[in-house]
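Listed below are the residues making up each chain.
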Amino acid sequence: MGTLSRRHLCLTFLLLCVLASIAFLHISQDLFHNPLDLPILFRDRRRGTGRVAIVCLSGTPVSPNASSPYSTHPASLSGAWTISPDGRFGNQMGQYATLLALAQINGRQAFILPTMHATLAPVFRITLPVLAPEVDRDTPWRTLDLHDWMSEEYAHLQEPLLKLTGYPCSWTFFHHVRDQIRREFTLHGHLRDKAQDFLRRLRLPGTGAAPSTFVGVHVRRGDYLEVMPHHWKGVVGDGAYLQQAMDWFRARHEAPIFVVTSNGMDWCRQNIDASRGDVIFAGDGQEGSPGRDFALLTQCNHTIMTIGTFGFWAAYLAGGDTVYLANFTLPDSSFLKIFKPEAAFLPEWVGINADLSPLLKLPRRYFGIV
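Okay, so let's go over this structure. Just so we're clear, the structure is a prediction, and the values are computed from it rather than from any experiment.

**Observations regarding the overall build of the chain**
Of the regular secondary structure elements, the chain holds 14 helices and 10 strands. Counting the 370 residues in the chain, one finds 49% classified as buried. The long-range share in the chain, meaning contacts at least 24 apart out of those at least 6 apart in sequence, stands at 67%. Counting only carbon and sulfur atoms, one obtains 55% of the accessible surface of the chain, whose full area is about 18,400 Å².

The following block contains the structure:
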């Protein structure tokens, strides 16, 4: 027991040293950039922070314009928070953004784990510090499994050493710090430049002129083809939905070009009508190295997404107009217990209802009903 206590004391001391070093670096940077601004050492929380909009969903959505007293940049950060890096690229983007936002609201220092850094750092210029594996292993974390929407209790968490779990990817967690999230998810220059060079080389059909409007299209296929109908009584985007979505943009924007990426590019080529010459099948479908496809989507002006976090993040970072697949499960799907559409899609985004008729043709045993 004595050996265990000494080990914990050593780890705690190491963690405090890391936090002190981070605090010293922040202060040093501020003093370097503001050498005459002495009050920076003793910030007043009321100075330059204002009130921010944090949306908390408990059942009925709250207006995104509702004010909240929580500061997005507390004067001092203490403790250590992290999050389990589960899932793939889009999942871990959601986990990163949620950790950053919740840690700031609660005045805690956020750390990411090496697995998340290895996933996101090759694509983005992320800044959260990385926690050493041995510190993660031996820290006496309290854990909290998050549901996928902001709740009031998440703004009043008292645990100094907290590991978040789950698959949060709701704008209600982090939209109040959107500019900061966009900075964290800034593409590395070589990825941005390659994507922009690809788009610059595209030409409009007929005239050969350079297009002025690019619409990124992300089509989620892969494992969702089995997971959605079998486990969630849902569908993925079909050809009819994608045609409706592209027609929506054609009716509102002059001569748009549609840049298609997917983890099922063969299906896209067979099911998306490219006869007008305004559809470019650009994706490489490499799920293990998603940087190229993601960069292409974010450098477009607007977005068409089907389902999934990859498409959400492409739309969130691209800005512009977004069309998404709405009502893609049956009303009695258990998916709706963990997924709130009003927390998943920004209010200004445009939803087009999915065609659920293929689900109605499946035998009852397909859903585990005998």
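Next, the rest of the story.
**Some details on the sheet that holds strand β4 (residues 161-165)**
The strand order across the open sheet formed by four strands is β2-β1-β4-β3, and the pairing between neighbours is parallel. Sheet topology places β2 (108-110) and β3 (142-145) at the edges, where each strand pairs with a single neighbour. Here the strands of the sheet are splayed against their neighbours by 30 degrees on average, with no regard to which way each runs. Across the sheet, helix α2 (residues 89-105) is in contact with β1 (78-83), β2 and β4; its angle to β1 comes to roughly 160 degrees.

**Overview of unusual backbone geometry**
Phi is mostly negative for residues that are not glycine, and the peptide bonds are mostly trans. Despite not being glycine, A255 shows a phi value in the positive range, around 50 degrees. Its location among the elements puts A255 in the loop between α9 (239-252) and β6 (257-262). One non-glycine residue with positive phi stands out, namely N327, at about 50 degrees. Mapping N327 onto the fold places it in the loop between β9 (322-326) and α13 (341-344).

**Thoughts on the environment of R200**
For R200, the position within the fold is in helix α7 (residues 189-200). Assessed through its relative accessible area of 52%, R200 is described here as exposed. Once the C-alpha coordinates of R200 and S212 are considered, the two residues, 12 residues apart in sequence, prove to be 9.7 Å apart.

**Observations regarding the pairing of β6**
For β6, a buried count of six out of six residues is recorded, marking the element as mostly surrounded by other parts of the structure. Sheet topology places strand β5 (residues 214-219) next to β6; six bridges connect them, and they run parallel. From the neighbouring strand, H218 faces β6, where its bridge partner is T261. Where β6 and strand β7 (residues 279-281) come together, three bridges link them in parallel fashion. By the bridge assignment for β7, V259 is matched with I280.

Here is what the cut-offs are and how they apply
- Residues numbered from 1 in each chain as written.
- Predicted model: local features only at pLDDT ≥ 70, side-chain atom pairs only at ≥ 80, totals over all residues.
- Heavy atoms only, no water.
- Helix = DSSP H or I, 4+ residues; strand = E, 2+ residues; numbered from the N terminus.
- Buried < 20%, exposed > 50% of the residue type's maximum accessible area, 1.4 Å probe, protein only.
- Contact = heavy atoms within 4.5 Å.
- Areas by Shrake-Rupley, 256 points an atom, 1.4 Å probe, with all protein chains shown as cover.
- Pairing = 2+ DSSP bridges.
- Axes fitted to C-alpha atoms, helices over the stretch in contact; angles between N-to-C directions.

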